[in-house]
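Residue strings, one per chain:
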Amino acid sequence: MANLWFKNILGQIPATEKLESSRNQLIEEQKRHQEIAQSDLLKEYEELKAYIESDEFQQKKKEIEAIKFAGSEEEKLINEFTSLQKDKSIQLYFKTLESNELKRFEEIQKSEKLERYNEIKETVESGQIEELKKQMDADHKAEKEKAKRFKTLKKHPDLKKYFKLINSPGFKTYQDLKESEKLNNFYSLKEAVEGFDYNKINKENESEYSEQLDQRKRYQGLQKDGELKVYFKFVNAGHPEFIDQTSSGELMNEYEALEIYLQSDEYQDKLKETDFKTSDLYKLQQEYKQLQKDPDIKFYHKFEQSKAYKNYIAVKESDKLKRYYELKEQTEDPAFRDKVEYLKDDKKFEKTEEYKSLAKFKELEQNDDLKWYFKVTQEDRFKELRKWETIFSEDFNDTQLNKEVWSPIVFAGMMTFNDNYVTKGEKQFFTKGENLHIDHSALNIETKKEHTKGKSWSKKHGFMEEEFDFTSGTLNTAQAFRFNQGKIEAKVSLQQPGNIVHGLSLKGEKITPHIDLLKTGKGSGYEVRYIPKEDQTHIISHKIKGINLNDKYFIHSLEWNDSELIWSLNNIEVARATHQLNGEELYISLASILEKQPENLPANFSIDWIKVYKKQEAE
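Residues numbered from 1 in each chain as written. Predicted model: local features only at pLDDT ≥ 70, side-chain atom pairs only at ≥ 80, totals over all residues. Heavy atoms only, no water.

Break down the overall build of the protein for me, with residues and values.
Broken down by element type, the protein carries 26 helices and 19 strands. Each principal axis of the C-alpha atoms in the protein carries an extent, and together these give about 180 × 105 × 40 Å. With 619 residues in all, the protein has 40% of them scored as buried. Long-range pairs, those at least 24 residues apart, make up 72% of the contacts in the protein between residues at least 6 apart in sequence. Of the roughly 37,700 Å² of accessible surface on the protein, 47% is carried by carbon and sulfur atoms. Charged side chains of the protein number 103 positive and 117 negative; the gap between the two group centres comes to 5 Å. (Helix = DSSP H or I, 4+ residues; strand = E, 2+ residues; numbered from the N terminus. Buried < 20%, exposed > 50% of the residue type's maximum accessible area, 1.4 Å probe, protein only. Contact = heavy atoms within 4.5 Å. Areas by Shrake-Rupley, 256 points an atom, 1.4 Å probe, with all protein chains shown as cover. Lys, Arg positive; Asp, Glu negative; His and termini not counted. Charge placed at Lys NZ, Arg CZ, Asp CG, Glu CD.)

Structure, rendered in structure tokens:
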């Protein structure tokens, strides 16, 4: 059992992306190396090298005459350039040019922040906003004054009295009785009683005036009525007249008009429209103030006014700087330097055709392609690549699966009845490719909950039709590609490896021999296995722990040599075993199997690429 936990914690397992990138880079470098090896550039270099190292060349070199450097045009240019190098304004220019301050200044200069600042500066600083603010404040205050006026009116003695009266029980009684039959009856009885002389009634003539006596009795009864007492008290106090006068007065008209207006949407809209602090201009003003305080904006303006920046601008387009660069380019040009060297050299070998050959040779010595070529040749950088020849490569770059290479039917089923089957007890059935999808240059074997029917096989009952609640996929190269010995690598990503048996295997004509590069489904980690043909009960199995495979790409590989099988994960060896495969060729097989109820579906077994290599003969 291999446990990668410690290596994982210490970061000793190379990242998949980094491994893949390094390998691709190495392959590209090998192509470049081969191109240079066959190039005219290298041929020219080798011919010049042979000539430069010859006796003939060395003899001619000694024959060159001397020429003086002092007083030459080259010396004048060098002196002029040296003088400009010492110039303080140019020194300050380059100091500024290379400074972090200028870099920051230029980044701010291109920023949206500064663009926004300049955009709103003219508007904010024009005074228009302040004028508009004054007008809005005045309008807002006028609207607020209406609310104050309403509060003042609400406290006015007449209105307070008015609202108190109309909300009083007396007013309600007054309203109920003023047009009532009871009040009309009262006034009728009163008129009748007050219009009759009751002094002429005595005991002898009572029966004659019974109606008048009854009227008086009823009138006296109404005089004692509680509602009528309240009514006349309200009337005698002059309240109805007060209510009528107040309700139709200017004070009440103003109050009611304000009440309606203050409760209207118009009033709320006016408040919002005239509130400067809720206006877009206020937000613009605040944004400008914030930008004024912004460290970048403050820095920008401060640096813009600095001595260093002003010098930088003044020198940047100056004739002095142009001359500096002209002289720099001239004096640093290899030909110029060679000429100076030539002038200072008494032998003046550089004037000859031989010197041109030497100069060309030196030029080629500095050629980046050739320098790189000799460096990697000396390092023997491609030694490992030369060990292996690619004999199978699948990148799944097409939108459809290459059916000439891959079959979505298990080999035994394909050879028996050209259909899939699963082993009894498995909870999924393999579809004929419906669960295989290529997305973003990766093949996905999708395991999902889906009802279907298919064949299962057991030693006891053979093949039987069965119903399944789950579907998955499988594919193999049995009819298109098999190999014996070499190395196979696959970049794969697994979902729910602890619950689903994702398998990448090498298989033959029969159940054994069988090699698992990768087998999951039993908790964390994964398993690598070798099942010999001669002894199927002697399964060599290694459990690999300490690594989380879920939804992450790793490169699983198997090196198969004469005597051993060596399994690796991202170039880290995880297991090895001896074998007795005896030259049998095996094909590639991939599948996702459910041996127990999954946690959640769908889940994918993603294969980015698969490659198989054959070992090259030793050079």
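Please set out the side chain of H239 residue by residue, giving values where relevant.
With respect to the helices and strands, H239 occurs in helix α15 (residues 239-247). The buried category is assigned to H239, whose relative accessible area is 19%. Those residues within four positions of H239 in sequence are excluded, and the remaining contacts are L165 and F234.

Break down the side chain of S456 for me, with residues and values.
Looking at where S456 falls in the secondary structure, it is placed in strand β6 (residues 442-458). Classification of S456 as buried rests on a relative accessible area of 3%. Of note is the side chain of S456, whose polar atom sits 2.8 Å from the side chain of E466. Apart from the residues within four sequence positions on either side, S456 is in contact with V422, K424, G462, F463, M464, E466 and F468. (Polar contact = N/O pair within 3.5 Å; in protein donor to acceptor, adjacent residues only side chain to side chain.)

Any chance you could break down a negative patch on the surface for me, citing the residues and the numbers?
Together, D40, E44, E46 and E47 make up a region of like negative charge exposed at the surface. Mapped onto the elements of the fold, E46 is located in helix α3 (residues 40-52). The exposure class assigned to E46 is partly exposed, which follows from its relative accessible area of 46%. (Patch = residues over 30% accessible without salt bridge, like charges linked within 9 Å, V, L, I, M, F, W, Y side chains within 5 Å. Salt bridge = Lys/Arg side-chain N within 4 Å of Asp/Glu carboxyl O.)

Can you tell me about the pairing of strand β13 (residues 526-531), naming the residues and giving the values?
Most of β13 is tucked away: 6 of the 6 residues are buried. Side-chain alternation along β13 places Y526, V528 and Y530 on one buried face and E527, R529 and I531 on a second face that is also buried. As paired strands, strand β12 (residues 514-519) and β13 are joined by 4 bridges and run antiparallel to one another. Looking at β13, one finds that I515 is bridged to Y530. (Pairing = 2+ DSSP bridges.)

How would you summarise the layout of surface pockets if you had to cite specific residues and measurements?
Gaps left between atoms show up when a probe the size of a water molecule is rolled over them. When its volume is computed, the largest pocket comes out at roughly 1,200 Å³. The wall of the largest pocket is formed by 37 residues, among which T423, E426, K507, I511 and H514 lie closest to the centre. The element that contributes the greatest number of residues to the lining of the largest pocket is strand β18 (residues 586-593), accounting for 5 residues. Residue composition of the lining of the largest pocket, grouped by class: 16 nonpolar, 11 polar and 10 charged. Of the voids in this model, the second largest pocket is the one considered here, and its volume is about 740 Å³. In terms of lining residues, the second largest pocket is bounded by 28 residues, among which R23, E384, W388, K487 and E489 are the most central. (1 Å grid on protein atoms, 1.4 Å probe; cavity = no way out; pocket = protein on both sides within 12 Å on 5 of 7 lines; lining within 4 Å. Points joined across faces, edges and corners; volume = space filled by probe spheres on them. Nonpolar A, V, L, I, M, F, W, Y, C, P; charged D, E, K, R; others polar.)

Lay out helix α19 (residues 295-304) in plain terms, naming residues and giving numbers.
For an α-helix, 3.6 residues make a turn, and residues three or four places apart therefore share a direction. For α19, every residue scored as buried is listed here: I297, F299, Y300 and F303. Buried positions in α19, seen along its axis, are confined to an arc of 160° and lie on one side of it. Opposite the packed face of α19, turned more than 90 degrees from it, sit the exposed residues P295 and K302. (Arc of directions from axis to C-beta.)

Tell me what's going on with the nonpolar core, and back it up with residues and numbers.
By size, the foremost hydrophobic cluster in this structure holds 46 residues, and its most contacted members are L506, W567, I588 and L590. Core analysis: the second largest hydrophobic core is formed by 31 residues, L84, Y93, L284 and L327 among them. (Core = buried A, V, L, I, M, F, W, Y, C linked by side-chain atoms within 4.5 Å.)

Describe helix α10 (residues 157-166), listing the residues and the values that go with them.
Here α10 has its buried residues at L159, Y162 and L165. End-on, the buried residues of α10 take up no more than an arc of 130°, which puts them together on one face. With respect to the buried face of α10, the exposed residues turned more than 90 degrees away are P157 and K164.

Just give me the short version of the environment of Y324, but keep the residues and values in it.
Relative to the elements of secondary structure, Y324 occurs in helix α21 (residues 319-332). Through-space distance from the C-alpha of Y324 to that of Q85 is 7.8 Å; in sequence the pair is 239 residues apart.

Explain a nonpolar patch on the surface to me, using residue names and the numbers behind them.
A surface patch of nonpolar side chains, amounting to about 470 Å² of accessible area, comprises W5, F6, I9 and L10. Note that W5 resides in helix α1 (residues 5-9).

Quick rundown of the environment of A480? Include the residues and the values.
Looking at where A480 falls in the secondary structure, it is placed in the loop between β8 (474-476) and β9 (482-483). Put simply, A480 and R149 are 331 residues apart on the chain and 96 Å apart in space, counted from C-alpha to C-alpha. The contact partners of A480, leaving out residues within four places of it in the chain, are E404 and V405.

Tell me about a positive patch on the surface, residues and numbers included.
Together, K144, K151, K155 and K160 make up a region of like positive charge exposed at the surface. Mapped onto the secondary structure, K160 falls in helix α10.

Describe the pairing of β18, with residues and values.
Within β18, 8 of the 8 residues are buried, which leaves the element mostly enclosed by the surrounding structure. Where β8 and β18 come together, 3 bridges link them in antiparallel fashion. Its bridge partner being in β18, L475 is matched across the sheet by L590. Two elements, β9 and β18, share 2 bridges in a ladder whose sense is antiparallel. Within β18, the residue paired with F483 across the bridge is L586. One ladder, built from 7 bridges, connects strand β11 (residues 501-507) with β18; its direction is antiparallel. Across the sheet, the residue bridging to V501 is I593, located in β18.

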